[in-house]
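Okay, here's what each chain looks like letter by letter:
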Amino acid sequence: MPTVLITGASGGLGQALARRLEADGYDLVLAGRDSGRLQAAYGDRHLQVEGDCTTSAGAQAIIEKSALAGRHLDGLAHCVGNIRLGAMHRMRDADFADCLQANLISAFHTLAAFVAHLRADNRPGAAVLVSSAAARIGTPNHEAVAAAKAGVEGLARAAAATYAANGIRINVVAPGIMETPATTGILGSTVAREAAARQYPLPGIGSADELAGLMAWLLSPAAARVTGQVWSLDGGFSSIRPIVK
Ligand SMILES: NC(=O)c1ccc[n+]([C@@H]2O[C@H](COP(=O)([O-])OP(=O)(O)OC[C@H]3O[C@@H](n4cnc5c(N)ncnc54)[C@H](OP(=O)(O)O)[C@@H]3O)[C@@H](O)[C@H]2O)c1
C-alpha cells in the first residue's frame, strides 16, 4: 500500500485523515511538533516523526527521518495551520507572522521537501494542502488567514503546473468551519455555534471526517487525472447566495 505523510497529525483534521487512511490500508508517517501529543493520539501505531515543518530545514528533516526509517512517500497531506481571526488594524505583527508561518510558509517548505523526495527517485505522487473558504469570499475579520490561504491556493496551482510532467499531483481542499480543536473557542457557546451554522447556505458545522473523505479521494488513484484544483467543502458558503426570505 502507498505511504502517506500527514503533517499536523496530532490536530483534529490530521487525526480524522489518519483514521480514514488507516481504514483504507495506507502506510502512514505522522508528523507533529510534539512527540508526546502524537503518542497520545496514536499510541505505538505508525511511524511518528517529531519536527517543525515551518522552516525548509525542519520540513526536510521530517522527510529524511521517514526515509531513514525506510519509508518512500507516495502522498502528502499537509494539515498544519491555524485560524487567526481579528480585524487587521488591531492585529499584532507577531500574530500575522504566525498566521503566515503556520499556513503558507509551512505549506511551501513541506511541499518543496516532498517533491524533492519524489524527484530524487523519479517517482510520481500526490499532495493535498488545506485552504479555507475565507480565501475565496471576503469574510469579516479573516484578513490574515484569507491572505495566507489564498497564498496556499496560488502555491498549489503553480506547483501543480511545475511538476505535472513528473506525475506529481497537487490539490487543495477549502473547508468552511469544522469542529476541531482549532475552533473550540469560536464554537464555545450554543449561541455562537448556532450563529456560525446559520452563515452557511447548507446550514451546519462541518466535520473533519467529511473533509478527510475528500482528501483521501484526492490522494487515491481514483483522482489520478485531477491536479491544480481547489475543492470547496463549505455548504455553498463561497459560491452561492440563496434568496433570503
Ligand atoms: N477547523 C476549521 O474550522 C478550519 C476551517 C478552515 C481551514 N482549516 C484548516 O484546516 C487545517 C487543520 O486544522 P484543524 O482544524 O485540524 O486544527 P488543529 O486541530 O489546531 O490542528 C492544526 C495543527 O497544525 C499545527 N500547527 C498549528 N500552528 C502551528 C504553527 N505555528 N507551527 C507549526 N504547526 C502548527 C499543530 O500541530 P502540532 O501538533 O505540531 O502543534 C496542529 O496539530 C489547518 O490548515 C486549518 O487552517 C480549519
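Below: a short report on this structure. In this text, all values refer to a predicted model and were calculated from it rather than measured experimentally. (Residues numbered from 1 in each chain as written. Predicted model: local features only at pLDDT ≥ 70, side-chain atom pairs only at ≥ 80, totals over all residues. Heavy atoms only, no water.)

Two elements in contact, helix 3 (residues 56-68) and helix 4 (residues 93-120), have axes separated by 8 Å at closest approach and are oriented at 40 degrees. In terms of orientation, helix 3 and helix 4 fall into the oblique class. Where helix 3 crosses over helix 4, the handedness of that crossing is right-handed. Contact residues: helix 3 offers Ser56, Ala59, Gln60, Ile63 and Ala67, while helix 4 offers His109, Thr110, Ala113, Phe114 and His117. Of the residues belonging to the contact of helix 3 with helix 4, the class tally is five nonpolar, five polar and no charged. (Axes fitted to C-alpha atoms, helices over the stretch in contact; angles between N-to-C directions. Helix = DSSP H or I, 4+ residues; strand = E, 2+ residues; numbered from the N terminus. Parallel < 35°, antiparallel > 145°, perpendicular 65-115°, else oblique. Left-handed = near helix turned anticlockwise from the far one by under 90°. Contact = heavy atoms within 4.5 Å. Nonpolar A, V, L, I, M, F, W, Y, C, P; charged D, E, K, R; others polar.)

With a phi angle near 65 degrees, His46 is a residue other than glycine that sits in the positive phi range. Looking at the element boundaries, His46 is found in the loop between helix 2 (35-42) and strand 3 (47-50). Exposure remark for His46: the relative accessible area of 24% places this residue in the partly exposed category. A positive phi is found at Asn141, a non-glycine position, where the angle reads about 65 degrees. (Buried < 20%, exposed > 50% of the residue type's maximum accessible area, 1.4 Å probe, protein only.)

Within the element layout of this structure, Ile243 appears in the segment after strand 9 (230-233). Of the residues examined, Ile243 reaches a relative accessible area of 76% and is grouped as exposed. When the C-alpha atoms of Ile243 and Pro201 are compared, they prove to be 9.8 Å apart, with 42 residues separating the residues in sequence.

This part takes up the sheet that holds strand 9. With respect to topology, seven strands assemble into an open sheet ordered 3-2-1-4-5-6-9, the strand pairing being parallel. Of all the strands in the sheet, the pair left with one neighbour each is strand 3 and strand 9. The average angle at which neighbouring strand axes cross in this sheet is 20 degrees, direction not considered. Bridge count between strand 1 (residues 3-7) and strand 4 (residues 75-78): four bridges; the pairing is parallel. Along strand 4, the bridge assignment pairs Val4 with Gly75. (Pairing = 2+ DSSP bridges.)

On to the pattern of salt bridges. On inspection of all chains with the given rule, the structure shows ten salt bridges. Between Asp209 and Arg19 there is a salt bridge, with the nearest N and O atoms lying 3.1 Å from each other. Here the residue Asp209 occupies a position in helix 7 (residues 208-219), and Arg19 occupies one in helix 1 (residues 12-23), the gap between them amounting to 190 residues. Its relative accessible area of 46% is what places Asp209 among the partly exposed residues. Here Arg19 falls in the partly exposed class, since its relative accessible area comes to 47%. Asp27 is the salt-bridge partner of Arg71, the closest N and O atoms lying 3.0 Å from each other. Taken together, the residues span a long stretch of sequence, with Arg71 in the loop between helix 3 and strand 4 and Asp27 in strand 2 (residues 27-32) at a distance of 44 residues. By relative accessible area, which is 21% here, Arg71 ends up partly exposed. Asp27 sits in the partly exposed class, given a relative accessible area of 23%. (Salt bridge = Lys/Arg side-chain N within 4 Å of Asp/Glu carboxyl O.)

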